[in-house]
Amino acid sequence: MKDSFYDLGFTKLDTGRKERTGFGEVVFCHGKRNEFLKDIFSRLFEANGEVLGTRATQEQFELVKEILPQATYDSVSRIIKVQGEKKKLIGNIAVCTAGTADIPVAEESAQTAEFFGSYVERIFDVGVSGIHRMLSQTEKLEKANVVVAIAGMEGALASVVGGLVSVPVIAVPTSVGYGANLGGISALLTMINSCANGISVVNIDNGYGAGYIATQINRLAIGGSVKNQAGEK
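Residues numbered from 1 in each chain as written. Predicted model: local features only at pLDDT ≥ 70, side-chain atom pairs only at ≥ 80, totals over all residues. Heavy atoms only, no water.

## Here we look at the overall build of the protein chain
Within the protein chain, the regular secondary structure consists of nine helices and eleven strands. For the protein chain, the C-alpha radius of gyration of 18 Å lies close to 17 Å, the compact-globule estimate for 233 residues. Taken along the three principal axes of its C-alpha coordinates, the protein chain extends 50 × 45 × 30 Å. Burial analysis of the protein chain (233 residues in total) assigns 46% to the buried set. (Helix = DSSP H or I, 4+ residues; strand = E, 2+ residues; numbered from the N terminus. Rg over C-alpha atoms; globule rule 2.2 N^0.38 Å. Buried < 20%, exposed > 50% of the residue type's maximum accessible area, 1.4 Å probe, protein only.)

As structure tokens, this is what we get:
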């Protein structure tokens with residue numbers, strides 16, 4: 001097992017993480033000093049040939065682009081990607097949202113999974129206030145190896161999805177909602193207390209965490225059988 005790291009003084013980059021876990025170290029950009037961020041991206045790209053950065057600002061992207069011109073930025077998910085050739089995406093992950101206000105978290109989840117090599121089917125704005133919208137998407141849900149259900153307000157989407165599919169559901173509460181939503185706590189509690197089976201819950205607005213776990217499940221599903229490899233692109 002490789003436990004190497006690169007000591008920059010202000011941080012110790014885990015350059016052996018990809019070999020140990022199958023996923024390279026990801027940069028949480030929020031709050032990082034500009035000079036630190038540039039060094040981190042540069043060294044990780046040198047080590048892995050690609051870098052993913054989450055919760056980044058446009059200003060931070062411009063800084064990264066100065067040293068890595070191939071870097072791209074998505075203002076919805078706030079993700080910076082530095083990649084080489086386009087990857088072959090395997091398996092099938094369905095990422096669902098209750099409403100359009102949940103899309104930033106959903107895109108963080110979807111783009112994280114895509115960065116790590118998973119095919120993602122996006123199913124947006126299918127919340128319980130119009131349940132027929134979700135029911136019209138059951139064929140897509142049934143093809144998935146794992147479903148990410150993202151919702152604010154009362155967070156009921158995960159329970160509905162959990163009752164429809166035979167695969168794991170990763171529930172993501174969002175901070176979208178009025179006062180009694182309590183910044184996502186109401187949705188979090190609903191998801192934790194769901195009576196539907198097969199649901200796990202990540203932290204409020206943690207699209208990245210959901211995308212990472214979904215990729216792990218997707219990889220296991222592909223490794224165990226050839227099911228759903230028709231989703232490869």
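## Here's the deal with the pairing of strand β4 (residues 51-54)
One face of the sheet, then the other: side chains in a regular strand alternate in exactly this way. Residues V51 and G53 of β4 are buried on one face, and the alternating residues L52 and T54, pointing to the opposite face, are buried as well. Two strands pair when backbone bridges link them, and strand β3 (residues 27-28) and β4 are joined in this way by two bridges, in the parallel orientation. Note that in β4 the partner of V27 across the bridge is G53. Regarding the hand of the β-α-β motif, the stretch spanning β3, helix α2 (residues 34-48) and β4 is right-handed. (Pairing = 2+ DSSP bridges. Right-handed = clockwise from strand over helix to strand, strands pointing away.)

## Looking at the sheet that holds strand β10 (residues 169-173)
Read across the sheet, five strands follow the order β8-β7-β9-β10-β11 without closing on themselves; strand pairing throughout is parallel. Each edge of the open sheet carries a strand with a single partner, namely β8 (118-123) and β11 (199-201). Along the sheet, successive strands turn relative to each other by an average axial angle of 25 degrees, direction set aside. As judged from the five bridges shared by strand β7 (residues 90-97) and strand β9 (residues 146-151), these two strands associate in the parallel manner. Considered in β9, the bridge of V95 is made with V148. Sheet strands in contact with helix α8 (residues 185-192) are β9, β10 and β11, and its direction is about 160 degrees off that of β10. (Axes fitted to C-alpha atoms, helices over the stretch in contact; angles between N-to-C directions. Contact = heavy atoms within 4.5 Å.)

## Details of the sheet that holds strand β6 (residues 79-82)
Taken in spatial order, the four strands make up an open sheet running β3-β4-β6-β5, and their pairing is mixed. The open sheet terminates on both sides in strands that have one partner only, identified here as β3 and β5 (72-74). As judged from the three bridges shared by β4 and β6, these two strands associate in the antiparallel manner. What sits directly across from V51, in β6, is V82. In the packing of helix α3 (residues 58-67) onto the sheet, the strands contacted are β5 and β6, and the crossing angle to β6 comes to about 15 degrees.

## As for the packing of α2 against α3
At a minimum axis distance of 9 Å, the contact between α2 and α3 shows a crossing angle of 50 degrees. Comparing the axis directions of α2 and α3 gives the class oblique. Along this stretch, α2 crosses α3, giving a crossing that reads as right-handed. Taken together, the residues of α3 that come into contact with α2 (itself represented by N34, L37, K38, F41 and S42) are E59, Q60, L63, V64, E66 and I67. Residue composition of the contact of α2 with α3, by class: five nonpolar, three polar and three charged. (Parallel < 35°, antiparallel > 145°, perpendicular 65-115°, else oblique. Left-handed = near helix turned anticlockwise from the far one by under 90°. Nonpolar A, V, L, I, M, F, W, Y, C, P; charged D, E, K, R; others polar.)

## Observations concerning the pattern of salt bridges
Using the criterion set out here, one finds ten salt bridges in the structure. One salt bridge in this structure joins R133 and D125, with 3.3 Å as the shortest N-O distance. On the accessibility criterion, R133 (24% relative accessible area) is partly exposed. When salt bridges with common partners are traced through the structure, they connect E107, E114 and R122 into a single cluster. (Salt bridge = Lys/Arg side-chain N within 4 Å of Asp/Glu carboxyl O.)

## Digging into the confidence of the model for the protein chain
The predicted model of the protein chain averages 89 in pLDDT, with 94% of residues at 70 or higher. Note that residues 224-233 has pLDDT below 50 and, in this model, 19 contacts with residues that lie over four places away or in other chains. (pLDDT = per-residue confidence, 0-100.)

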